[in-house]
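Below, each chain spelled out in residue letters.
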Amino acid sequence: YLGEDGVAAFSIACYFFPIIFMLYNAIGQSAQPILSYNYGAGYVSRVKETFRLALFTAIGCGLVFTIITILFSPQIVSLFIDASYPAYQIAVSGLPLFATGFVFFAINIVSICYFQSIKQERPAIWITVLRGFVFMEIALIYLPFIFDTSGIWLAIPIAELLTTCLILLIYRRYDSKANSLSIT
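Quick notes on the rules
Residue positions are given per chain, counted from 1 along the sequence in the order it is written. With the structure being a predicted model, the display of local features is reserved for residues of pLDDT at least 70 and the display and counting of side-chain atom pairs for 80 or more, all residues being used for whole-chain, interface and lining totals. To get the side-chain values, all heavy atoms of the structure are used, and hydrogens and water are removed first. Working definition: a ring pair exists when centres of Phe, Tyr or Trp rings (six-membered ring for Trp) sit within 6.5 Å. Plane angles under 30 degrees give stacked, over 60 give edge-to-face, the rest tilted. Every helix listed is a DSSP run of H or I at least four residues long, and every strand listed is a run of E at least two residues long, numbered separately from the N terminus. The buried label goes to any residue with under 20% of its type's maximum accessible area, the exposed label to any with over 50%, and the partly exposed label to all in between, with areas taken from a 1.4 Å probe on protein chains only. Helices are assigned an expected span. That span is 1.5 Å times one less than the residue count. Salt bridge, as used here: a side-chain nitrogen of Lys or Arg that lies within 4 Å of a carboxyl oxygen of Asp or Glu.

K.L.:
Where do I start with the packing of aromatic side chains in this structure?
P.N.:
To describe a pair of aromatic rings, one takes the distance between the centres and the angle between the planes. For the structure shown, the criterion picks out 16 aromatic pairs. Seen from their ring centres, Phe-10 and Phe-98 are 5.9 Å apart, and the 90° between their planes marks the pair as edge-to-face. In this pair, Phe-10 is assigned in helix α1 (residues 3-41) and Phe-98 in helix α4 (residues 86-99), connecting sequence segments 88 residues apart. The exposure class of Phe-98 is buried, given its relative accessible area of 3%. A centroid spacing of 6.1 Å and a plane angle of 20° characterise the contact between Tyr-15 and Phe-80, whose relative ring orientation is stacked. In this pair, Tyr-15 is assigned in helix α1 and Phe-80 in the loop between α3 (73-78) and α4, connecting sequence segments 65 residues apart. Judged by its relative accessible area of 56%, Tyr-15 is exposed. Given the relative accessible area of 36%, Phe-80 is considered partly exposed.

K.L.:
For this particular structure, what's the right way to read helix α5 (residues 102-117)?
P.N.:
A turn of α-helix holds 3.6 residues, and therefore any two residues three or four places apart point the same way. Across its 16 residues, α5 extends 23 Å between first and last C-alpha, which sits within 8% of the 22 Å expected from 1.5 Å per residue. By the criterion of burial, α5 is predominantly enclosed, with 14 of the 16 residues buried. Note on α5: the residue one or two positions beyond its end, Lys-119, has a positive phi of about 60°.

K.L.:
Sorry, what's going on with the pattern of salt bridges here?
P.N.:
One side chain can pair with another of opposite charge once the charged atoms of both are near each other. Per the counting criterion, the structure on display carries one salt bridge. The shortest N-O distance in the salt bridge between Arg-131 and Glu-160 comes to 2.7 Å. You can see Arg-131 sitting in helix α6 (residues 121-147) and its partner Glu-160 sitting in helix α7 (residues 149-180), a full 29 residues away along the chain. The class for Glu-160 is buried, based on a relative accessible area of 2%.

K.L.:
Hey, could you run me through unusual backbone geometry in this one?
P.N.:
Leave glycine aside and you will find that most residues have negative phi; peptide bonds, for their part, are mostly trans. A positive phi angle is found at Lys-119, which is not glycine, with a value near 60°. Structurally, Lys-119 is set in the loop between α5 and α6. You can call Lys-119 exposed: its relative accessible area is 57%. Phi angles above zero are rare outside glycine, and Asp-148 is one such case at about 60°. Among the structural elements, Asp-148 can be located in the loop between α6 and α7.

Okay, here's the thing in structure tokens:
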């Protein structure tokens, strides 16, 4: 859609995104041994409490990252490219759109770790595949027709949002199973 300058601008988001990912991944992986130990011991309330703490920590970080990215988009972009290049302005206007998915991404990464920890590998795998390939591909194909260039920047946030909605459905199913157990 935007040629070489658009690719350069989007690559800035791709360079910035791993920083965000590392923090969410650290939160999820730090919670995993606590979740799996308590799950194995049958302490459902501790599993829920640990998951809730990890989730709220990740959501809090996601909100902070979103706000910082929206407010300081020019400064972030300038870490990667000089303002004299056309890609700079494309990235400055697109990065805040891209950042709208940071909270959903936080929920998704921590939830994948949660499902792995409670021996629910299938939901974890499906969530990973749907968010990383299926939802993203669909969003990248169709959103530019609806939102033009903004649709490209919103494709990943929309894929993450769709994944979060799916996780809520899956979690509700597994939570009701956990509540029906007589484990305390």
